[in-house]
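Report on the structure
The chain contents come next:
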Amino acid sequence: GKTALSHMTFYFGRGAFEVERGWIVHQHGMKMVLEEGVEQNVADSECSVVFENFHLKVECPLFTAMYDGVMSGHIVMKPKVEDPYSPLKKKSSNVGLCFDARSGRRP
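Residues numbered from 1 in each chain as written. Predicted model: local features only at pLDDT ≥ 70, side-chain atom pairs only at ≥ 80, totals over all residues. Heavy atoms only, no water.

Bringing the packing of aromatic side chains into the picture now. For the structure on display, the rule yields three aromatic pairs. For the pair Phe10 and Phe63, a centre-to-centre distance of 5.7 Å together with 20° between the ring planes defines the contact as stacked. Of this pair, Phe10 sits in strand 1 (residues 7-12) while Phe63 sits in strand 8 (residues 63-67), placing them 53 residues apart in sequence. Accessibility classification places Phe10 together with Phe63 in one group, the buried group. One aromatic cluster is present, built from ring pairs that chain together Phe10, Phe12, Phe17 and Phe63. (Phe/Tyr/Trp six-rings, centres within 6.5 Å; stacked < 30°, edge-to-face > 60°. Helix = DSSP H or I, 4+ residues; strand = E, 2+ residues; numbered from the N terminus. Buried < 20%, exposed > 50% of the residue type's maximum accessible area, 1.4 Å probe, protein only.)

Quick look at the pattern of salt bridges now. By the definition in use, this model includes two salt bridges. For Glu59, the salt bridge identified is with Lys57, shortest N-O distance 3.6 Å. Its relative accessible area of 27% is what places Lys57 among the partly exposed residues. Between Lys78 and Glu59 there is a salt bridge, with the nearest N and O atoms lying 3.1 Å from each other. With Lys78 in the loop between strand 9 (73-77) and strand 10 (94-96) and Glu59 in strand 7 (residues 55-59), the pair connects residues that are 19 residues apart, well separated along the chain. (Salt bridge = Lys/Arg side-chain N within 4 Å of Asp/Glu carboxyl O.)

What follows is the structure, encoded as structure tokens:
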């Protein structure tokens with residue numbers, strides 16, 4: 001079948017890293033070597049990644065992201081983190097990749 005989500009890209013400062021279909025993590029154009037259940041820091045970021053239970057789990061200071069490596073991803077904002085881009089400074093809680101970032105609803 002067709003995949004719905006081929007990758008997720010995470011930006012931090014001037015850098016970025018990407019998780020891709022097949023549970024691949026790219027940083028600086030190189031693939032990270034992952035071992036199941038072993039948490040690894042992503043270079044130049046405050047994030048870590050671990051492969052377990054057929055999912056990649058990305059932990060960053062402001063959020064946790066889960067990616068199944070095939071078709072779905074989910075981002076959960078950490079509690080009581082204010083959305084720095086919101087003019088209302090409302091509290092962020094849960095962000096799904098299929099949702100409109102401004103309204104929090106499906107487009």
